[in-house]
Amino acid sequence: MNKRRTYLLIVAGVALGASSCTTDKNSPGTEYMPDMYRSPAIEAYVDYGMDPYNFSDSMAVSQRNTPSARKPVAGTIPYGSQENLVFALPYAYDNTTDGYEASAVNRSPIAHSQENADKGKVIYERMCKHCHGAKGEGDGTISTNGFILGIPSYSGKLADLPEGKMYHTLTFGKGLMGSHASQLTPKERWEVIEYVKVLQNGGKFVADAPAAAVAENLADAENAPE
Ligand code: HEC
């Protein structure tokens, strides 16, 4: 019995030894658990059409959740240069009446310069003029055709409107004006505001006039009851 066992062990040993040596020196040899070497890789942004944690054949494709392409967590700041970081920071004011009032003290991160006003004019003529009119008097074609009435004039009723509130309105919308957050990047919103400030002054670029309006609103905001 003992002899036979020894004999079997030798045979097994030789078989194992033989299988571990192959003629190809670069071969890693036999893999006993290939899944550990090559785990199934999920590529980002590839829709595999299923969520292994929550999958049902009857689900519409749009309902299926792919684990590889999740949205970033709220408040995530994209990696980028210092120059663009200021536009990437989360917006601090809520989409509420209180948030709107508080946004009066929000300052533009870009300079009040002729150059930025010129960039803003291009955006204004494409995206705002049809409602607000060429001079910002609220007489764009959508207004004169009777679709939206009572659009306020920048140099009239809105002459003292601070830039922070303008940005709030562009971001969330106000009354019959929709949000422009999906059409304009934060930087573009501030640029078009530079041109609205020119229109507040009757179309003239004045270096310090908007600052005066801002200072007045700042004082109002500071004196406002809590
Ligand atoms: C569909 C028409 C329409 C378009 C397009 C539009 N607006 Fe307006 N906008 C309005 C109306 C209506 C109001 C008045 C909202 C209210 O006070 O109820 C308004 C108000 C404003 C105000 C005053 C907001 C405040 O806080 O009182 C600003 C500033 C403004 N718009 C800027 C812009 C700019 C800049 C654009 C282009 C990017 C634009 N709007 C595009 C219709 C429009």
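Attention here is on the structure that accompanies the text. In this text, all values refer to a predicted model and were calculated from it rather than measured experimentally. (Residues numbered from 1 in each chain as written. Predicted model: local features only at pLDDT ≥ 70, side-chain atom pairs only at ≥ 80, totals over all residues. Heavy atoms only, no water.)

**What to know about the coordination of the iron atom of the ligand**
Logical step 1: Protein-derived ligands of the iron atom of the ligand are His132 (NE2) and Met177 (SD), with the metal-ligand distances lying across 1.9 to 2.1 Å.
Logical step 2: Around the iron atom of the ligand sit 6 donor atoms; with metal-centred angles ranging over 88 to 178 degrees, the donor geometry is octahedral. Residue His132 is located in helix H6 (residues 129-132), and its partner Met177 is located in the loop between helix H8 (163-172) and helix H9 (186-200); the two are separated by 45 residues in the primary sequence.
Logical step 3: With relative accessibility at 12%, the residue His132 sits in the buried group.
Logical step 4: Relative accessible area serves as the criterion here: at 25%, Met177 is assigned to the partly exposed category. (Donors = N, O, S within 2.8 Å, 3.2 Å for Na, K, Ca; no water. Tetrahedral: all angles 85-135°; square planar, octahedral: opposite > 155°, others 65-115°. Helix = DSSP H or I, 4+ residues; strand = E, 2+ residues; numbered from the N terminus. Buried < 20%, exposed > 50% of the residue type's maximum accessible area, 1.4 Å probe, protein only.)

**Some thoughts on the nonpolar core**
Soluble, globular proteins show a tendency: their nonpolar side chains are buried together.
Logical step 1: Within the largest apolar cluster, 19 residues are counted, with the highest numbers of intra-cluster contacts made by Tyr124, Tyr154, Trp190, Val192, Ile193, Tyr195 and Leu199.
Logical step 2: Residue assignment for this core shows that the elements contributing at least two residues are helix H5 (114-127), H8 and H9.
Logical step 3: Among the elements that make up this core, the one with the highest residue count is H9 (7 residues). (Core = buried A, V, L, I, M, F, W, Y, C linked by side-chain atoms within 4.5 Å.)

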